[in-house]
Amino acid sequence: MIEIKNLHKSYKMGSNTLHVLKGINFSIDEGELVAIMGSSGSGKSTLLNILGMLDEADSGDYTLDGVPIKNLDETKAAKYRNKFLGFVFQSFNLINYKSAMENVALPLYYQKVGRKERQEKALKYLEQVGLKEWAGHLPSELSGGQKQRVAIARAMAAEPKVLLADEPTGALDSKTSYEVMDLIQKINDAGNTILVVTHEPDIANMCKRIVHLKDGVIVEDKKIKQVRASAYV
Amino acid sequence: MFSRDNWKEIFETIQKNKLRTFLSGFTVALGILIFVVLFGFGNGLINTFNGFFANDATNILRIYPGTTTIPYQGYKSNRRIEFDNDDLADIKRNFPFFLEYITPRISRSYLVKYESESNNYSVLGVAPSHQFAEKTIMMKGRFLNEKDIKNKTKYAVIGRLVQQDLFGNQNALGKYVDVGGSAYMVIGVYQDDGGDNEERSLYVPYTTLQLVEKSNDKVGQIIVAFKEQLGYTGAMAFENGLNKFIRDKKHISPADQSGIFIRNVADQLQKNQQFAGVLQIIVACVAFGTIIAGIIGISNIMVFVVKERTKELGIRKALGATPKSVIGTILLESVFITTVSGFVGMLIGIAILSSLGEKLKDYFITDPYIDIGTAVFATVILIIFGAVAGYIPAQRAARIKPIVALRDE
């Protein structure tokens, strides 16, 4: 599903350049649930942003579902993001003046799905995350866990190839975190490919594979026995 | 870009961001409102200036006799100049090319009586053509005619208010009024747009007045109308020729400032129109400045709006919004708001102007108005510049990497 070869990325900080990714190689197959771990500054978020086409790599190859991601202009990147990827952010990034349903329906709007169908689909995905009754509420009326579930529903609504989650539990208490992870596991069980960036070992252990990043290189890449989050909920 | 779905999205955004909508809408509406009102006031000023001349003919010269101050050709100074019937004939003979008509105007004030009612009114001894010079409008009966002049008839044409004062609701025509001891028959009642004063006068044949006043042939002031096709330069040439002719005939030094006075309405009209024109330019400049201020205002708000929405735009881009759709969303929203509020401001401005009407006449503003074309043009200009001003930050926002936009707090 995802193939990365020799990925490099550096940032200019004034006169210094900060080499964040120093040659990353790995691949993810369909249906995997991968945790990318590392301490802050290890480059895990940068890697995720490049995978999500929110940022560009300096060099290296990136193939997503057989499509080489290269020399993208913004329009093309936007189309690929819409078609291939769903995002879940640490800070939820819901649009605050839109209701839960409207937020979920937004990626479908950019897919030019008709209004009625959009609403139906949005409701369907809200139901999957258990928030159908909250469809008309604004993000400010939802708890953190609910917001993240809306964000997950939004990410799923576009039916992406890969779901990218950047510290999805970073702003949540542990009980809510497990609820969110339970949801992510269920989505993965349904066959979706998911990448989770986290620095919390217990969250990482709920994935099926852990990739350890340190100082811009992969130091460890192992398959693990998944811990089911439902046991803690 | 203009699908129903797009509009729905925009309406929702507008509805849910009331403060932002209000701010930008208010700026535009206010800008257009001020523009329309100012421009209307400018037109009102011009109306007032033109109105000064509307109730009199504009192709006339008024010649007033004065008193000499310089000894000339053997005559002492301090000599009173008087015009007489002979002067009328001489002017007529010497300026056929320029002259449209000529009338004397002998102004007197007499006690005028009808039965038990009496009052002091100005009594004007004039020729029939005086009707054109003053734009006197006959309500009933007729004005004086040449026969009246020739026969020195004791006929009077009275003003509307004179009739009202003396006759009340009675018909004045055919009745006799006592003017300073002589009986005159009322042959006509007139009205005049020049105001109440001009309707509190009586016109009588100037020859009759001369006869009553010891058979003299003095005529007071002379009103001369020139042919309108002469234009402004012709009128000035006529004035100069007339001035020289009268000074020669009456032995007045060319340097004497107070021997005679000539008031040239054409000259004054020209000067007033120039003045009004300058005023209009000033008002137009201020109005233009308002539009510029409006453009700057809407630009600022657009920059603010885009800044405020940076994060939202980042989210939208992460969800698959193309740069084109980002620009489109911002632009359509701003154009929609400026269009609606611009036209609202315009309509309010026009409503204010038309409700004012004559209310500001004391401030020299009469019937302020703006032609719809100008108002719409200004509104459209503001909309276009609002869109241009919005396009630049929108484009920048569309180019920001979503990851940068998402980090924006």
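Residues numbered from 1 in each chain as written. Chains lettered and ligands numbered in written order. Predicted model: local features only at pLDDT ≥ 70, side-chain atom pairs only at ≥ 80, totals over all residues.

A.B. asks: Hey, could you run me through the overall build of chain A in this one?
C.D. replies: Within chain A, the secondary structure is distributed over seven helices and 10 strands. The buried share among the 233 residues of chain A stands at 49%. (Helix = DSSP H or I, 4+ residues; strand = E, 2+ residues; numbered from the N terminus. Buried ≥ 20, exposed ≤ 12 C-beta atoms within 10 Å, placed from the backbone.)

A.B. asks: Help me understand the overall build of chain B, please; the structure alone is not making it clear to me.
C.D. replies: Scanning chain B from terminus to terminus reveals 13 helices and 10 strands. For chain B, the proportion of its 409 residues judged to be buried stands at 40%.

A.B. asks: Whenever I open this one, the UniProt feature "transmembrane region" (unreviewed entry) in chain B confuses me. Can you help?
C.D. replies: All names here are of chain B. Under the UniProt annotation, "transmembrane region" (unreviewed entry) lies at residues 21–41, 278–305, 326–352 and 372–392. Annotated as residues 326–352, this span is 100% helix and 0% strand, and its ends, taken at the C-alpha atoms, are 39 Å apart. Secondary structure within residues 372–392 divides into 100% helix and 0% strand; the distance between the first and last C-alpha atoms comes to 31 Å. (UniProt positions renumbered as here; feature names shortened; annotations may be inferred.)

A.B. asks: I would appreciate a short explanation of the sheet that holds strand E2 (residues 16–28) of chain A in the present structure.
C.D. replies: Residue and element names in this part refer to chain A. The sheet built from four strands is open, its strands ordered E2-E1-E4-E5 with antiparallel pairing. Taken across any chain shown, the strands that pair with only one partner, and hence form the sheet edges, are E2 and strand E5 (67–68). Bridging between strand E1 (residues 2–13) and E2 involves 10 bridges; their strand directions are antiparallel. Counterpart to Met 13 in the pairing with E2 is Asn 16. (Pairing = 2+ DSSP bridges.)

A.B. asks: Got a minute to help me understand the interface of chain B and chain A in this structure?
C.D. replies: Accessible area lost upon the coming together of the parts serves often as the stated size of an interface. Facing 21 residues of chain B, the contacting portion of chain A comprises 20 residues. Elements with a contribution of two residues or more to the side of chain B that touches chain A: helix H1 (4–16), helix H10 (310–318), helix H11 (323–356) and helix H13 (402–407) of chain B. For the side of chain B that touches chain A, a count of residues per class yields eight nonpolar, four polar and nine charged. (Contact = placed C-beta atoms within 7 Å. Nonpolar A, V, L, I, M, F, W, Y, C, P; charged D, E, K, R; others polar.)

A.B. asks: Got a minute to help me understand the pairing of strand E9 (residues 221–226) of chain B in this structure?
C.D. replies: As a general feature of sheets, a regular strand has side chains that alternate between the two faces. Residue and element names in this part refer to chain B. Judged by how many residues are buried, E9 sits mostly within the fold: five of six residues are covered. Bridge analysis of strand E1 (residues 60–65) against E9 gives four bridges, and the strand direction is antiparallel. Looking at the pairing, Ile 63 lines up with Ile 222 of E9.

A.B. asks: Can you walk me through helix H3 (residues 100–110) of chain A in this structure?
C.D. replies: An α-helical segment advances 3.6 residues per turn. Residues three or four places apart therefore align on the same side. Counting buried residues along H3 of chain A, 11 of its 11 residues qualify, which places the element largely inside the surrounding structure. Of all the positions in H3 of chain A, only Ala 100, Met 101, Glu 102, Asn 103, Val 104, Ala 105, Leu 106, Pro 107, Leu 108, Tyr 109 and Tyr 110 of chain A are classed as buried. Packing partners of the buried residues in H3 of chain A comprise helix H2 (74–84), helix H4 (115–128) and helix H5 (144–157) of chain A together with H1 and H11 of chain B.

A.B. asks: Please explain the pairing of strand E9 (residues 209–214) of chain A as it appears in this structure.
C.D. replies: Residues and elements named next belong to chain A. Inspection of the sheet shows strand E3 (residues 33–37) paired to E9 by four bridges, in the parallel sense. Note on E9: the bridge partner recorded for Met 37 is His 212. One ladder, built from six bridges, connects E9 with strand E10 (residues 217–223); its direction is antiparallel. Counted as the bridge partner of Ile 210 is Lys 222 from E10. In textbook terms, the turn of a hairpin is the stretch between consecutive antiparallel strands, and for E9 and E10 this stretch comprises two residues, one of which, Asp 215, has a positive phi near 50°.

A.B. asks: Would you take a moment to explain unusual backbone geometry for this structure?
C.D. replies: With the exception of glycine, the majority of residues adopt a negative phi angle, and the majority of peptide bonds are in the trans configuration. All names here are of chain B. One non-glycine residue, Glu 115, lies in positive phi territory at about 50°. Mapping Glu 115 onto the fold places it in the loop between strand E2 (99–114) and strand E3 (117–126). Accessibility expressed as a C-beta count within 10 Å gives 11 for Glu 115, which makes it exposed. Non-glycine residue Lys 152 carries a positive phi angle of around 50°. For Lys 152, the position within the fold is in the loop between helix H5 (146–151) and strand E5 (155–159). Under the C-beta neighbour-count criterion, Lys 152 is labelled partly exposed, with 16 such atoms within 10 Å.

A.B. asks: Just to check I follow, could you spell out the nonpolar core for this structure?
C.D. replies: Membership of the largest hydrophobic core comes to 121 residues, with the highest contact counts inside it found for Ile 36, Val 104, Leu 126 and Leu 195 of chain A together with Val 36 of chain B. With sequence-adjacent residues up to four places away left out, Leu 126 of chain A is seen in contact with Ala 100, Met 101, Val 104, Leu 131, Lys 132, Ala 135 and Ala 153 of chain A. Judged by nonpolar contacts, the second largest core, of 52 residues, contains Val 177, Val 179, Ala 225 and Ile 246 of chain B. (Core = buried A, V, L, I, M, F, W, Y, C linked by C-beta atoms within 7 Å.)

A.B. asks: Would you explain the sheet that holds strand E8 (residues 193–198) of chain A in this entry?
C.D. replies: Backbone-to-backbone hydrogen bonds join strands into a sheet, with any given pair of strands oriented parallel or antiparallel. Residues and elements named next belong to chain A. An order of E6-E7-E8-E3-E9-E10 is seen for the six strands of this open sheet, with the pairing classed as mixed. Among the strands making up the open sheet, the edge pair consists of strand E6 (85–88) and E10. Mean inter-strand twist for the sheet, computed between neighbouring axes without regard to direction, equals 15°. Lying over the sheet, helix H6 (residues 174–189) contacts E3, strand E7 (162–166) and E8, oriented at roughly 155° with respect to E8. (Axes fitted to C-alpha atoms, helices over the stretch in contact; angles between N-to-C directions.)

A.B. asks: Got a minute to help me understand the confidence of the model for chain B in this structure?
C.D. replies: Low pLDDT means the predicted coordinates in that region are not meant to be read closely. In the predicted model, chain B carries a mean pLDDT of 85, and 98% of its residues have values of at least 70. Confidence estimates for the predicted assembly give a pTM of 0.66 and an ipTM of 0.87. (pLDDT = per-residue confidence, 0-100.)

A.B. asks: I'm lost on helix H12 (residues 372–399) of chain B in this one. Help?
C.D. replies: Residues and elements named next belong to chain B. With 28 residues, H12 ought to run about 40 Å at 1.5 Å a step, and its terminal C-alpha atoms sit 40 Å apart, in line with that. Along its length, H12 reaches its greatest deviation from straightness, about 25°, at Tyr 391, and the proline Pro 393 lies no more than four positions downstream. Buried residues of H12: Ala 375, Ala 378, Thr 379, Leu 382, Ile 383, Gly 386, Ala 389, Gly 390, Pro 393, Ala 394, Ala 397 and Ala 398, and no others. (Expected span 1.5 Å × (residues − 1). Bend = angle between axes of the 7 residues up to and from the residue.)

A.B. asks: What is the right way to read the packing of H1 of chain B against H11 of chain B from this model?
C.D. replies: How two helices sit against one another is set out by the angle between their axes and by the gap between those axes. All names here are of chain B. Taken N-terminus to C-terminus, the directions of H1 and H11 make an angle of 65°; their axes are 10 Å apart at the nearest point. It follows from the interaxial angle that H1 and H11 lie roughly perpendicular. In terms of crossing hand, the pair formed by H1 and H11 is right-handed. When H1 is examined against H11, the residues Asn 6, Ile 10, Thr 13 and Ile 14 are found in contact with a partner set consisting of Thr 329, Leu 332, Glu 333, Phe 336 and Ile 337. (Parallel < 35°, antiparallel > 145°, perpendicular 65-115°, else oblique. Left-handed = near helix turned anticlockwise from the far one by under 90°.)

A.B. asks: Where do I start with the packing of H4 of chain A against H5 of chain A in this structure?
C.D. replies: All names here are of chain A. At a minimum axis distance of 9 Å, the contact between H4 and H5 shows a crossing angle of 130°. Between H4 and H5, the angle is such that the two are oblique. Here H4 and H5 pass one another in a crossing that is right-handed. Facing Lys 121, Ala 122, Tyr 125, Leu 126 and Gln 128 of H4, the residues of H5 in contact are Ala 153, Met 156 and Ala 157.

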